[in-house]
Amino acid sequence: MKKIVVFASGSGTNTENIILYFSNNPIAKVVAVFCNNPQAKVLEKANKLNVPTTIFAKDDLNTTKISEKLHYYQADLIVLAGFLLKFPAAIIKAYPHKIINIHPALLPKYGGKGMYGMHVHQAVLDNKEATTGISIHYVNEHYDEGGLIFQKNIAIDDCASAEAIAAKIHQLELANFPQVIERLLDDSIVQEI
């Protein structure tokens, strides 16, 4: 069985969804949640679902502490689900094509440093986009520039606020992120990625 480690910084709705999706899945399971915010709701959600958590300081990310923990969990895939810190090059190098992220826009549009959460949705609204969507991509040394794995778009011409866009995007994330993870980890599927 493949092992998933999730990194998150916030409310944890995507993390919770991924944990539940893989709770009785023969392909993989979430073995740990790493979080840089001791107040984040994701920690409560993971604990309620009996998934071990690791809380770390921002500075720990660039030390061997995180690498050692990842090695301990024998992660097959590292999933960034609302994780706001830049991922260190040393871990990216140690896990080539094994770290993925979800972004709430159709990359390369609305990506890069500072483009996360409501910042993205407000920019999409301000630019009067008719559609937006989600992008799931590999993580490299630059924000939102790793190779694309999956994109899904949605019409937003009926959205009058960034919050309305956020709600539609969140539904896309919940519906698609676990399935994309499963396809990446399922050896019986011929990978075209």
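For the structure itself, consult the block above.
All chains use their own residue numbering, which begins from 1 and follows the written sequence. Where totals are concerned, whole chains, interfaces and linings use all residues; where local detail is concerned, this predicted model gives features only for residues with pLDDT of at least 70, and gives and counts side-chain atom pairs only at 80 or more. The side-chain figures draw on all heavy atoms in the structure; neither hydrogens nor water molecules are used.

Digging into the environment of Leu-174
Residue placement: Leu-174 occurs in helix α6 (residues 162–185). Linking Leu-174 and Ile-18, residues 156 residues apart in sequence, is a C-alpha distance of 8.3 Å. Residue contacts are counted whenever heavy atoms from the two residues lie within 4.5 Å of one another. Excluding anything up to four places from it in sequence, Leu-174 contacts Thr-13, Asn-14, Asn-17 and Gln-179. Helix numbering and strand numbering both begin at the N terminus, where a helix is a DSSP run of H or I of at least 4 residues and a strand a DSSP run of E of at least 2.

Notes on the side chain of Asp-144
Relative to the elements of secondary structure, Asp-144 occurs in the loop between β6 (131–138) and β7 (148–155). Exposure categories follow from relative accessible area, calculated using a 1.4 Å probe and restricted to protein chains: below 20% of the type maximum is buried, above 50% is exposed, and the middle band is partly exposed. When charges are tallied, Lys and Arg are placed among the positive residues and Asp and Glu among the negative ones, while His and the ends of the chain are skipped. A pair is scored as a salt bridge if a Lys or Arg side-chain nitrogen falls within 4 Å of a carboxyl oxygen belonging to Asp or Glu. Buried charge Asp-144 goes without a salt bridge, the closest partner of opposite sign being Lys-86 at 11 Å. A distance of 3.4 Å separates polar atoms of two side chains, one belonging to Asp-144 and the other to His-103. A 3.5 Å cut-off defines polar contacts: any pair of N or O atoms within that distance qualifies, except that in protein one atom must be a possible hydrogen donor and the other a possible acceptor, and neighbouring residues in sequence count only when both atoms are side-chain atoms. Looking at Asp-144, its side chain comes within polar contact range of the main-chain nitrogen of Gly-112, at 2.8 Å. Those residues in contact with Asp-144, other than ones at most four positions away along the chain, are Asn-101, His-103, Leu-107, Gly-111, Gly-112, Met-115 and His-137.

Focus: the environment of Phe-34
Within the element layout of this structure, Phe-34 appears in strand β2 (residues 28–35). Residues in contact with Phe-34, not counting those within four places in the same chain, are Val-5, Val-6, Phe-7, Ala-8, Thr-54, Phe-56, Ile-66, Lys-69, Leu-70 and Tyr-73.

Let's talk about unusual backbone geometry
Here the amide bond leading from Leu-107 into Pro-108 is cis, since omega sits at 15°, within 30 degrees of zero. With a phi angle near 55°, Lys-128 is a residue other than glycine that sits in the positive phi range. Along the chain, the position of Lys-128 falls in the loop between α5 (117–126) and β6.

A look at the sheet that holds strand β3 (residues 53–55)
The sheet built from seven strands is open, its strands ordered β3-β2-β1-β4-β5-β6-β7 with mixed pairing. Among the strands making up the open sheet, the edge pair consists of β3 and β7. Ignoring which end each strand starts from, the neighbouring axes of this sheet average 20° apart. In short, DSSP must find at least two bridges between two strands for them to pair. Bridge count for strand β5 (residues 99–103) against β6 is four bridges, and the pairing is antiparallel. Note that in β6 the partner of His-103 across the bridge is Ser-135. Lines fitted to C-alpha atoms define the axes, with helix axes restricted to the stretch in contact, and inter-axis angles between N-to-C directions lie between 0 and 180 degrees.

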